[in-house]
Amino acid sequence: TMSQQPTDGPLDPEKQELSIAVTAAENFEQEVEEVGKVPPPDGGYGWVIVVASFLVNMCVDGVIYTFPATLIPHWTKMFGAETSASNTVSLLTGFYYLSGPLASSLVAVLGVRSVCLAGGILTASAFVACSTLHEAWQYYILFGFVGGIGFGCMYLPSIVVLSAYFEKKRSFATGIAVCGSGIGTMVFSRLNIIVMGLLNDNASHFLIYMAGIVLFGAICSLFFRKLKPSEQQVTKVAKMVREYEGKPDEPSQRLLEDVRADLEELNRPGHQPDAFYVNTLDKKIAEAAHAEHVIHASENHTVKHVTKKNKFAQFKDEMCSVIDKDLLYSPSFLTFAFSGTLAVMSFLVPFVYISDLMPSEIYTVDDRSLPLLCIGAFNIAFRIICGFISDHPKMSALQVSNVVIILAGISIAAMPFSSALWQYILLCVPFSAGVACFAALRSVICVELVGVKKLGNAFGILMVFMGFGAVSGPAIAGQIKAAAGNLNLAFYIMGAVFSFSAIMTLRLAQMKAWEEARKAKKGRGTEMRVMANH
């Protein structure tokens, strides 16, 4: 028998050769991606994308956050119970979040424009169909389930598309786009009252007006366009492949087509692991977190291209990739995810019920729409402030978010004690700050917690957890109102829940450190056992 090469000695020539070949293959993959990546223009047509994304956000969130105040009183009469009306609202907001992983997988397979457009058509169709129906269960299915999924398919592409067009100015571009949410809340909280008056309080006709807003958002998505590699990039990469394979002849048409498919996959919105991250990434982190290579080079100088799968197989793979066992077994990540469930469950309640909380015998319809308008305006201001906070190296996004959300929870609980319009508006300031921090800093905290590489998967899981909160929040508040006879108790409970969602993550950094230490200890133990066995 041959004597074994000692493991700690020098590599034999064969192994050395293999090591050099592996390094060469990795370097080749890296070079191909550097040549084939379309650099984000950080401007130009990107600003058209920003405006389109802003308008999609305005239509989606504008409708979601303002329609309950207008429609719940009408639905209560039609269904004969307020709980049925609040359940319809809960289902729409719930499936808006729950559809996150579905929308993400569809974007990967069909592209941002197709998914956003289809989502808009789906929701608008559901709203139009509801205008002819009168049963609560029909509204649950069409308005809640179908409408919610359609909204989710509009929102997610409008955020993902920005990551392809912006890198240095991504915080700024995303900041402008998500301000559509606040502007939408401001505009529609007033416009809905005017339109409902013009329609003589006809809720069925109001649904057709809502469908029109959604369709306008869908039409805006036609401006979304994916970045395509130039012919020069395709030819250059094809020549690099030929060179690596040691074939001096010119690239064939087949090879050019294969390379074009590779580079389209490389430049697909959402292919980047940081597609959901609004902040400009540190260059080193971005490189370390790079998504899997699309062109695979082997050490024996052959090149494997992107395998063409049918759309269904591709969709199935994307859906499965969301389920990340490492994240689902991480106590710190699950704590963060569950805090999201509680936050969404509680902060939706003022959006849905604040106008109902204000006594109708004291305040006019216009007065009662004013807090929502103010929430929209304050939300914009606080989102911009959050952008500066998340870019500041010495600020902890988690602790800023926690403090602001605790104060926001107290403001929700204090709302029933208001006895004048200015008091309601004043309490909307900390509340809006809490909602803005939750929305704007969540992806920043997520990167600190799980790293950029897992951000796409983490975001999908977080959206599902938030979806459970959205499904239950307004419905629970509706049940409490039915049992107590007024909304005061619902606001006290939801205020406490919102504050608790932040309190439970105060020690998240320490929990994460404990988890890492435990993992490292486990790794060392495994290493020792392996060495002992040898």
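Definitions and cut-offs
Residues numbered from 1 in each chain as written. Predicted model: local features only at pLDDT ≥ 70, side-chain atom pairs only at ≥ 80, totals over all residues. Heavy atoms only, no water. UniProt positions renumbered as here; feature names shortened; annotations may be inferred. Helix = DSSP H or I, 4+ residues; strand = E, 2+ residues; numbered from the N terminus. Contact = heavy atoms within 4.5 Å. Areas by Shrake-Rupley, 256 points an atom, 1.4 Å probe, with all protein chains shown as cover. Patch = residues over 30% accessible without salt bridge, like charges linked within 9 Å, V, L, I, M, F, W, Y side chains within 5 Å. Salt bridge = Lys/Arg side-chain N within 4 Å of Asp/Glu carboxyl O. Buried < 20%, exposed > 50% of the residue type's maximum accessible area, 1.4 Å probe, protein only. Axes fitted to C-alpha atoms, helices over the stretch in contact; angles between N-to-C directions. Parallel < 35°, antiparallel > 145°, perpendicular 65-115°, else oblique. Left-handed = near helix turned anticlockwise from the far one by under 90°. Nonpolar A, V, L, I, M, F, W, Y, C, P; charged D, E, K, R; others polar. 1 Å grid on protein atoms, 1.4 Å probe; cavity = no way out; pocket = protein on both sides within 12 Å on 5 of 7 lines; lining within 4 Å. Points joined across faces, edges and corners; volume = space filled by probe spheres on them. Polar contact = N/O pair within 3.5 Å; in protein donor to acceptor, adjacent residues only side chain to side chain. Phe/Tyr/Trp six-rings, centres within 6.5 Å; stacked < 30°, edge-to-face > 60°. Expected span 1.5 Å × (residues − 1). Core = buried A, V, L, I, M, F, W, Y, C linked by side-chain atoms within 4.5 Å. Domains from an automatic or database assignment. pLDDT = per-residue confidence, 0-100. Disulfide = S-S within 2.5 Å.

The name given to the protein in an unreviewed UniProt entry is Major facilitator superfamily (MFS) profile domain-containing protein, with Caenorhabditis latens as the source organism. According to UniProt, the comment filed for the protein under the heading Subcellular location (unreviewed entry) is "Membrane".

When helices and strands are counted, the protein shows 20 helices and two strands. Within the protein, contacts between residues separated by at least 24 positions form 84% of all contacts whose residues are at least 6 apart in sequence. Put simply, the protein shows about 24700 Å² of open surface, and 64% of that area lies on carbon and sulfur atoms.

Taken together, Val187, Leu191, Ile194 and Leu198 make up a surface patch of nonpolar side chains, about 360 Å² in accessible area. Note on placement: valine 187 falls in helix α7 (residues 170-198). Judged by its relative accessible area of 36%, valine 187 falls in the partly exposed class.

This part covers the packing of helix α6 (residues 136-165) against α7. Where α6 meets α7, the axes come as close as 10 Å, and the angle between the chain directions of the two elements is 155 degrees. Classed by the angle they form, the pair α6 and α7 counts as roughly antiparallel. When the axes of α6 and α7 are compared, the crossing they make is right-handed. Contacts between α6 and α7 involve Ile159, Leu162 and Ser163 on the former and, on the latter, Arg170, Ala173, Thr174, Ala177 and Val178.

Direction vectors running N to C along helix α14 (residues 331-357) and helix α17 (residues 421-450) enclose 155 degrees, while the axes themselves pass 11 Å from each other. By the criterion of interaxial angle, the relationship of α14 to α17 is roughly antiparallel. For the element pair α14 and α17, the recorded crossing hand is left-handed. Taken together, the residues of the contact of α14 with α17 break down into 19 nonpolar, three polar and one charged.

We now examine empty space enclosed by the protein. The tally for this structure, following the rule as stated, stands at two cavities of 30 Å³ or more. In this structure, the largest cavity spans a volume of roughly 110 Å³. Forming the boundary of the largest cavity are 15 residues, of which Phe336, Ser339, Ser401, Ile405 and Arg442 lie nearest the centre. Every element with two or more residues in the lining of the largest cavity is listed here: α14, α16 (397-414), α17 and α19 (488-503). Considering each element in turn, the lining of the largest cavity owes the most residues, five residues, to α17. Of the residues contributing to the lining of the largest cavity, the split by class is nine nonpolar, five polar and one charged.

Topologically, asparagine 57 is positioned in helix α2 (residues 46-79). A distance of 2.9 Å separates a polar atom in the side chain of asparagine 57 from the backbone oxygen of serine 53. Setting aside anything within four residues of it in sequence, one finds asparagine 57 in contact with Gly62, Tyr155, Ser158, Ile159, Ala177, Val178, Gly180 and Ser181.

What follows deals with the pattern of salt bridges. Scanning all chains against the criterion turns up four salt bridges. A salt bridge links lysine 481 to glutamate 82, with the nearest nitrogen and oxygen atoms 2.8 Å apart. Of this pair, lysine 481 sits in helix α18 (residues 455-484) while glutamate 82 sits in helix α3 (residues 82-98), placing them 399 residues apart in sequence. Across this residue pair, the class does not change: lysine 481 and glutamate 82 are buried. Here aspartate 366 and arginine 190 are joined by a salt bridge, their closest N and O atoms 3.5 Å apart. Here arginine 190 lies in helix α7 and aspartate 366 lies in helix α15 (residues 365-391), a separation of 176 residues in the sequence. Relative accessible area serves as the criterion here: at 28%, arginine 190 is assigned to the partly exposed category.

Right, let's talk about unusual backbone geometry for a bit. The backbone of asparagine 200 sits at a positive phi, close to 55 degrees, despite the residue not being glycine. Tracing the backbone shows asparagine 200 in the loop between α7 and α8 (203-220). Even without being a glycine, aspartate 201 presents a positive backbone phi close to 60 degrees. With respect to the helices and strands, the residue aspartate 201 is situated in the loop between α7 and α8.

It is worth spelling out the packing of aromatic side chains at this point. Considering all chains together, one arrives at 20 aromatic pairs under this definition. With a centroid separation of 5.2 Å and an interplanar angle of 70 degrees, the aromatic rings of phenylalanine 79 and tyrosine 139 are classed as edge-to-face. With phenylalanine 79 in helix α2 and tyrosine 139 in helix α6, this pair connects stretches of sequence that are 60 residues apart. Among the residues examined, phenylalanine 79 registers a relative accessible area of 15% and is labelled buried. Exposure remark for tyrosine 139: the relative accessible area of 1% places this residue in the buried category. Between the aromatic rings of phenylalanine 347 and phenylalanine 351, the centroid separation amounts to 6.4 Å while the plane-to-plane angle is 70 degrees, which identifies the pairing as edge-to-face.

A few words now on α3. The α-helix advances 3.6 residues per turn, and as a result positions three or four apart in sequence lie on the same side. Over its 17 residues, α3 runs 24 Å from end to end, which matches the ideal 24 Å to within 8%, given 1.5 Å per residue. Within α3, 13 of the 17 residues are buried, leaving the element largely enclosed by the surrounding structure.

It is worth spelling out the nonpolar core at this point. Counting 125 residues, the largest nonpolar core has Trp75, Phe143, Phe151, Met210 and Phe347 as the members making the most contacts within it. Lining this core are residues from two domains, each supplying at least three of them: domain 1 (41-226) and domain 3 (322-533). When near neighbours in sequence (up to four residues on either side) are disregarded, tryptophan 75 contacts Phe67, Gly80, Ala85, Thr88, Val89, Tyr139, Phe143 and Leu207. Core analysis: the next-biggest nonpolar cluster, separate from the first, contains 11 residues, Val234, Val237, Leu255 and Val259 among them.

A few words on the confidence of the model for the protein. A residue-level look at the protein finds 83% of positions with pLDDT of 70 or above and a mean pLDDT of 82. pLDDT under 50 marks residues 1-7. Its contacts with residues more than four places away, or in other chains, come to two contacts. Per-residue pLDDT stays below 50 along residues 278-291; that stretch engages in 26 contacts with residues further than four places along the chain or on separate chains.

Our focus in this paragraph is the state of the cysteines. What the rule picks out here adds up to zero disulfides. We note that cysteine 59 lacks a disulfide partner, and the nearest cysteine sulfur, in cysteine 220, lies 5.9 Å from it. Note on cysteine 59: relative accessible area 1%, which makes it buried. For cysteine 428, which is in no disulfide, the shortest distance to another cysteine sulfur is to cysteine 374 and amounts to 6.4 Å.

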